[in-house]
Amino acid sequence: MSDAIARRSAAAQEEGRRIYEHWAPKGTHECFVQIKPEDLDAVGGEEGFVEIFVVFYKLMLEDPRMNVLFDKRFEDVNVPAVEHGKRLAYWYLQRYGGLPVYG
């Protein structure tokens, strides 16, 4: 590893620790904004919210530099971008929106 990469890595770890130490004691209810019905309405409801995540994962999986982050040897990871997007969107809706949709 070059000295420049080692310095950037150390700086990134330090910044991560600083952020964690600031937010971790507050709990996740302080770290993330709760999703309100009007927030969902602003993006086209539940369907629009999910579509944001689906498009994000489509772009991720189409980009050869980002695609390598997905270890497709595992059945749970080797799914289409639509499935990845839905999983994360519904998890967020349940965790931060109170909708019992992820399970």
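Look up: the structure comes first, before these words.
Okay, so let's go over this structure. (Residues numbered from 1 in each chain as written. Predicted model: local features only at pLDDT ≥ 70, side-chain atom pairs only at ≥ 80, totals over all residues. Heavy atoms only, no water.)

**A word on the nonpolar core**
Note the threshold: As used in this record, nonpolar core signifies buried Ala, Val, Leu, Ile, Met, Phe, Trp, Tyr and Cys residues forming a set joined through side-chain atoms within 4.5 Å. To sort residues, take the accessible area from a 1.4 Å probe on protein chains only and compare it with the maximum for the residue type: under 20% means buried, over 50% means exposed, and anything in between is partly exposed. Segments assigned H or I by DSSP are reported as helices when at least four residues long, segments assigned E as strands when at least two residues long, and all are numbered from the N terminus.
Within the largest apolar cluster, nine residues are counted, these being Ile35, Leu40, Phe49, Val50, Phe53, Val54, Ala89, Leu93 and Tyr96. Going through the elements one at a time, α4 (45-62) and α6 (81-97) are the ones with two or more residues in this core. When residues of this core are assigned to their parent elements, the largest contribution, four residues, is made by α4. Tyr57, Leu61, Phe70 and Ala81 belong to the second-largest nonpolar core, a separate cluster that totals five residues.

**A few points about the pattern of salt bridges**
Short version of the rule: When a carboxyl oxygen of Asp or Glu lies within 4 Å of a side-chain nitrogen of Lys or Arg, that pair is called a salt bridge.
Under the counting rule described, the total for this entry stands at six salt bridges. Arg65 is the salt-bridge partner of Asp63, the closest N and O atoms lying 3.4 Å from each other. Of the charged contacts in the structure, one is a salt bridge between Arg87 and Glu83, with a shortest N-O distance of 3.2 Å. Highlighted residues: Arg87 and Glu83, both in helix α6, separated by four residues, approximately one helical turn. Using a relative accessible area of 24% as the deciding quantity, one classes Arg87 as partly exposed. We classify Glu83 as partly exposed; its relative accessible area is 32%. Among the charged side chains, a salt-bridge network with shared partners connects Asp76, Glu83 and Arg87.

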